[in-house]
Amino acid sequence: MYLKSTKEVTYNNSTTTSVTVLMTGTLEEIYMKVGSGKTKMVYNYTDVDGGVYAHTFYELTDAERDELYPLIEANLPDINVVGEAAYNLAMYYEGFRYKMAEEFAELTFDDIEIIEE
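Rules used throughout
Residues numbered from 1 in each chain as written. Predicted model: local features only at pLDDT ≥ 70, side-chain atom pairs only at ≥ 80, totals over all residues. Heavy atoms only, no water. Helix = DSSP H or I, 4+ residues; strand = E, 2+ residues; numbered from the N terminus. Rg over C-alpha atoms; globule rule 2.2 N^0.38 Å. Buried < 20%, exposed > 50% of the residue type's maximum accessible area, 1.4 Å probe, protein only. Contact = heavy atoms within 4.5 Å. Areas by Shrake-Rupley, 256 points an atom, 1.4 Å probe, with all protein chains shown as cover. Lys, Arg positive; Asp, Glu negative; His and termini not counted. Charge placed at Lys NZ, Arg CZ, Asp CG, Glu CD. Salt bridge = Lys/Arg side-chain N within 4 Å of Asp/Glu carboxyl O. Pairing = 2+ DSSP bridges. Axes fitted to C-alpha atoms, helices over the stretch in contact; angles between N-to-C directions. Parallel < 35°, antiparallel > 145°, perpendicular 65-115°, else oblique. Nonpolar A, V, L, I, M, F, W, Y, C, P; charged D, E, K, R; others polar. Expected span 1.5 Å × (residues − 1). Core = buried A, V, L, I, M, F, W, Y, C linked by side-chain atoms within 4.5 Å.

Peer 1: Help me understand the overall build of the chain, please; the structure alone is not making it clear to me.
Peer 2: Along its length, the chain carries three helices and seven strands. If you list the helices and strands of the chain from N to C, you get β-β-β-β-β-β-α-α-α-β. At 15 Å, the chain has a C-alpha radius of gyration in line with the 13 Å of a compact globule built from 117 residues. Counting only C-alpha atoms, the chain reaches 45 × 30 × 25 Å along its principal axes. Among the 117 residues that make up the chain, the fraction classed as buried is 33%. A separation of at least 24 residues holds for 44% of the contacts in the chain among residues at least 6 apart in sequence. Here the chain displays about 7,000 Å² of accessible surface, and carbon together with sulfur accounts for 48% of that area. Side chains of the chain carry 8 positive and 22 negative charges; the gap between the two charge centres is 6 Å.

Peer 1: Got a minute to help me understand the pattern of salt bridges in this structure?
Peer 2: The final tally for this structure, using the stated rule, is five salt bridges. Across the pair Lys7 and Asp111 runs a salt bridge whose closest N-O atoms are separated by 3.7 Å. Taken together, the residues Lys7 in the loop between strand E1 (2–5) and strand E2 (9–12) and Asp111 in the loop between helix H3 (84–103) and strand E7 (112–115) connect sequence positions 104 residues apart. A salt bridge links Arg65 to Asp62; its shortest N-O distance comes to 3.3 Å. Pair noted here: Arg65 and Asp62 are both in helix H1 (residues 62–72), with a separation of three residues, about one helical turn.

Peer 1: Explanation requested: the side chain of Thr24 in the structure shown.
Peer 2: Positionally, Thr24 belongs in strand E4 (residues 23–32). Contacts of Thr24, omitting those with residues within four sequence positions, involve Tyr2, Leu3, Lys4, Asn44, Tyr45, Thr46, Val48 and Met100.

Peer 1: Which parts of the structure should I look at to understand the pairing of strand E6 (residues 52–61)?
Peer 2: Every regular strand shows the same layout, with side chains that alternate between the two sheet faces. One ladder, built from nine bridges, connects strand E5 (residues 38–47) with E6; its direction is antiparallel. By the bridge assignment for E6, Lys38 is matched with Thr61. In sequence, E5 turns back onto E6 through a hairpin of four residues, with Gly50 there showing a positive phi of about 100°.

Peer 1: Help me understand the packing of H1 against H3, please; the structure alone is not making it clear to me.
Peer 2: How two helices sit against one another is set out by the angle between their axes and by the gap between those axes. Two numbers describe how H1 lies on H3: the axes approach to 10 Å, and their chain directions differ by 95°. Considering their axes alone, H1 and H3 lie roughly perpendicular with respect to each other. Listed contacts from H3 to Leu68, Tyr69, Leu71 and Ile72 of H1 are Tyr87, Met91, Glu94, Gly95 and Tyr98. For the contact of H1 with H3, a count of residues per class yields seven nonpolar, one polar and one charged.

Peer 1: When you look at H3 in this model, what are you seeing that I'm missing?
Peer 2: Residues that lie three or four places apart on an α-helix share one face, since the helix turns once every 3.6 residues. Taking 1.5 Å per residue as the helical rise, H3 with its 20 residues ought to reach 28 Å, and the 29 Å between its terminal C-alpha atoms agrees with that figure. Taken together, the buried positions of H3 are occupied by Tyr87, Ala90, Met91, Tyr92, Tyr93, Glu94, Gly95, Phe96, Arg97, Met100 and Ala101.

Peer 1: Honestly, the nonpolar core in this entry has me stumped. Any pointers?
Peer 2: Proteins that are soluble and globular tend to have nonpolar side chains buried together. Ranked by size, the top nonpolar core spans 26 residues in total, and within it Met23, Leu27, Tyr45, Phe96, Met100 and Phe104 carry the most contacts. Mapped onto this core, the elements with two or more residues apiece are E2, E4, E5, E6, H1 and H3. Per-element tally for this core: the top contributor is H3, with eight residues. In contact with Met100, not counting residues within four places along its chain, are Leu3, Ser5, Met23, Thr24, Gly25, Tyr45, Leu107 and Ile112.

So this is what it looks like as structure tokens:
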């Protein structure tokens, strides 16, 4: 599973050049430290030509997750059909769509699709 933009974005791929390409986003790790109230997600953004835009992480607090949930709830699969693990992964990727839209000014939430492999 990964994210892919449906619109191209422009970014500086070196100190002197820029490229305009479709971007992808992948969550590499998702983990919660028990009792911390935070979920840490390691992710990367790459362009469709293989260039790495960013490899980093962000932390989502339980409060932020609770605020985000109503915005993504309608897009989530039925937990009774897909199971808890697939449901949770879908939930994190739906939230990651917002993060990617924040990162790239040219994109909105609707310009980013979830690709399931």
